[in-house]
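Next come the chains, spelled out residue by residue.
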Amino acid sequence: MSTSRKTEVADHLRAALTRGDYKPGERLPGEEELAEQLDVSRATARLGMRILQDEGRIAIQAGRGAFVADHRPIVHLATPITGGSDSERFDAGYQPHLREAGYDQIDEKIKVSLDTMRPKVARRLRRGDAEDGPHGGLVVIRASDRFVEGSLWQSQMTHFPFSIANNTPLMSPDRLEQGVAAVLQELGYREDWNWDIVGARMPSQDEAESFGLGPGIPLLVQERVAYDGETPLRFTETVMPANRHQLLYSGGRAPEELLLMASDVNIFER
């Protein structure tokens, strides 16, 4: 099967980006120049460039041209350290890290609600339909949206069984500066192990608008369930644009300054 001409254009640009011929933020050749280089029509060159735009590799700006996407993702510390992960410790972890990356306007909005347990949450927390009497199907939900320079940057939602979170600081919309794990420990629960699953999916139209995403940029979704022995304590789902985040995991006794040590790591480096 022959390769279409627009695919040849996309392959040409993709190879140039992989070689590092163009730096992040640099303007690419225009449609007319690209068409002349590859002996194709301007319409074909335009279609080839749109393939790269759909992949999130370039950004096409009306009246200005096409530019290399600036992939400088922020490290998201997925591994819990003393006091919780960086996203749980907003003032001590998440916010300073973003400021060091050059961002000034950083804010967090927290909402707490009580709801019935959806099937997905019940499966993660291993709760059946007929469990624990009148409150067995209820969960306390702490939702945290983090904004950078006015745009939604990361969204995190944690579900706690009602029997654990009821009438505790977990139901307060205030920030838990010491982290969720520390609050649970004060309540007599120890997070002694957890499992994570990480995947990528394309955003819905509402999500793309909320996060300010261009075409072709997926969302990273990190799910974590934490346990005390065999008892699930919480289910946390974090949703973040893939072009702005990279997840950092560690093993063994990692130091608390792990996030700073890895702050200059970039998976898009060549």
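As shown above, the structure is provided for reference.
Fair warning: this is a prediction, and the values are worked out from it, not measured in the lab.

S.K.: Give a description of the overall build of the protein that names residues and reports values.
M.R.: Counting secondary structure elements, the protein contains nine helices and 10 strands. The buried share among the 270 residues of the protein stands at 41%. The contacts of the protein with a sequence gap of at least 6 include a subset with a gap of at least 24, amounting to 63%. Of the roughly 14,500 Å² of accessible surface on the protein, 49% is carried by carbon and sulfur atoms.

S.K.: Explain the sheet that holds strand S5 (residues 138–148) residue by residue, including any values.
M.R.: Neighbouring strands of a sheet are bound in pairs by backbone hydrogen bonds; such pairs are parallel or else antiparallel. Across the sheet, which stays open at both edges, the six strands sit in the order S4-S5-S6-S9-S8-S7 with antiparallel pairing between neighbours. Pairing within the sheet leaves two strands with one partner each, and these edge strands are strand S4 (106–116) and strand S7 (193–201). Neighbour-to-neighbour, the strand axes of this sheet turn through a mean angle of 15°, independent of strand direction. Judged from the 11 bridges that link them, S4 and S5 form a sheet pairing that is antiparallel. Each bridged residue has a counterpart across the sheet, and for Asp 107 the counterpart in S5 is Phe 147.

S.K.: How would you summarise the packing of aromatic side chains if you had to cite specific residues and measurements?
M.R.: In the structure shown here, the tally under the stated rule is one aromatic pair. With 4.1 Å between their ring centres and 10° between their planes, Trp 193 and Tyr 227 make a pair best called stacked. Of this pair, Trp 193 sits in strand S7 while Tyr 227 sits in strand S8 (residues 219–228), and the two are 34 residues apart along the sequence. It is Lys 109 that lies over the ring of Phe 147; its NZ or CZ is 5.1 Å from the centre.

S.K.: Describe the side chain of Glu 223, with residues and values.
M.R.: Of note, Glu 223 is situated in strand S8. Residue classification places Glu 223 among the buried positions, given a relative accessible area of 8%. Among the polar contacts listed, one links the side chain of Glu 223 to the side chain of Lys 120, at a separation of 3.2 Å. Those residues in contact with Glu 223, other than ones at most four positions away along the chain, are Lys 120, Arg 124, Trp 195, Asp 196, Ile 197, Phe 235, Thr 236 and Glu 237.

S.K.: Give a description of the pattern of salt bridges that names residues and reports values.
M.R.: As a working rule, side chains carrying opposite charge can pair if their charged atoms are close by. A full pass over the atoms with the stated rule returns 13 salt bridges. The closest approach of N and O atoms between Glu 31 and Arg 42, which form a salt bridge, is 3.5 Å. Taken together, the residues span a long stretch of sequence, with Glu 31 in helix H2 (residues 31–38) and Arg 42 in helix H3 (residues 42–54) at a distance of 11 residues. On the basis of relative accessible area, Glu 31 is assigned to the partly exposed category, the value being 21%. Exposure remark for Arg 42: the relative accessible area of 45% places this residue in the partly exposed category.

S.K.: Account for the pairing of strand S2 (residues 65–68), with residues named and values stated.
M.R.: Of the strand pairs in this sheet, strand S1 (residues 58–61) and S2 are connected by four bridges, and their pairing is antiparallel. Counterpart to Ile 60 in the pairing with S2 is Ala 66. Connecting S1 to the antiparallel partner S2 that follows it, the hairpin turn spans three residues, and Gly 63 within it adopts a positive phi of roughly 80°.

S.K.: I'd love a proper account of helix H1 (residues 5–19), names of residues and values included.
M.R.: Look at H1: 21 Å from first C-alpha to last across 15 residues, which is about the 21 Å you get at 1.5 Å a residue. Among the residues of H1, those classed as buried are Val 9, Ala 10, Leu 13, Ala 16 and Leu 17. Seen along its axis, H1 keeps its buried residues to an arc of 125°; they face one direction. Where H1 terminates, the next one or two residues include Gly 20, which has phi positive at roughly 85°.

S.K.: Break down H3 for me, with residues and values.
M.R.: Spanning 13 residues, H3 covers 18 Å between terminal C-alpha atoms, matching the ideal 18 Å at 1.5 Å per step. Among the residues of H3, Thr 44, Ala 45, Gly 48, Met 49, Leu 52 and Gln 53 are the ones counted as buried. Next to the buried residues of H3 lie H1, H2, S1 and S2. Taken from the residues just after H3, Gly 56 is the one with a positive phi, measuring 80°.

S.K.: Kindly report on the packing of H2 against H3, identifying the contributing residues and their values.
M.R.: Close contact between H2 and H3 brings their axes to 8 Å; oriented N to C, the two are set at 105°. Considering the angle they form, H2 stands roughly perpendicular to H3. Of the residues in H3, those touching H2 at Glu 31, Glu 32, Leu 34 and Ala 35 are Arg 42, Ala 45, Arg 46 and Met 49. For the contact of H2 with H3, the per-class residue count stands at four nonpolar, no polar and four charged.

S.K.: Lay out the environment of Val 75 with the relevant residues and their values.
M.R.: The topology assignment puts Val 75 in strand S3 (residues 74–77). Each C-alpha atom of the pair Val 75 and Gln 246 lies 5.1 Å from the other, and the pair is 171 residues apart in sequence.

How each quantity is defined
Residues numbered from 1 in each chain as written. Predicted model: local features only at pLDDT ≥ 70, side-chain atom pairs only at ≥ 80, totals over all residues. Heavy atoms only, no water. Helix = DSSP H or I, 4+ residues; strand = E, 2+ residues; numbered from the N terminus. Buried < 20%, exposed > 50% of the residue type's maximum accessible area, 1.4 Å probe, protein only. Contact = heavy atoms within 4.5 Å. Areas by Shrake-Rupley, 256 points an atom, 1.4 Å probe, with all protein chains shown as cover. Pairing = 2+ DSSP bridges. Axes fitted to C-alpha atoms, helices over the stretch in contact; angles between N-to-C directions. Phe/Tyr/Trp six-rings, centres within 6.5 Å; stacked < 30°, edge-to-face > 60°. Lys NZ or Arg CZ within 6 Å of the ring centre and 35° of its normal. Polar contact = N/O pair within 3.5 Å; in protein donor to acceptor, adjacent residues only side chain to side chain. Salt bridge = Lys/Arg side-chain N within 4 Å of Asp/Glu carboxyl O. Expected span 1.5 Å × (residues − 1). Arc of directions from axis to C-beta. Parallel < 35°, antiparallel > 145°, perpendicular 65-115°, else oblique. Nonpolar A, V, L, I, M, F, W, Y, C, P; charged D, E, K, R; others polar.

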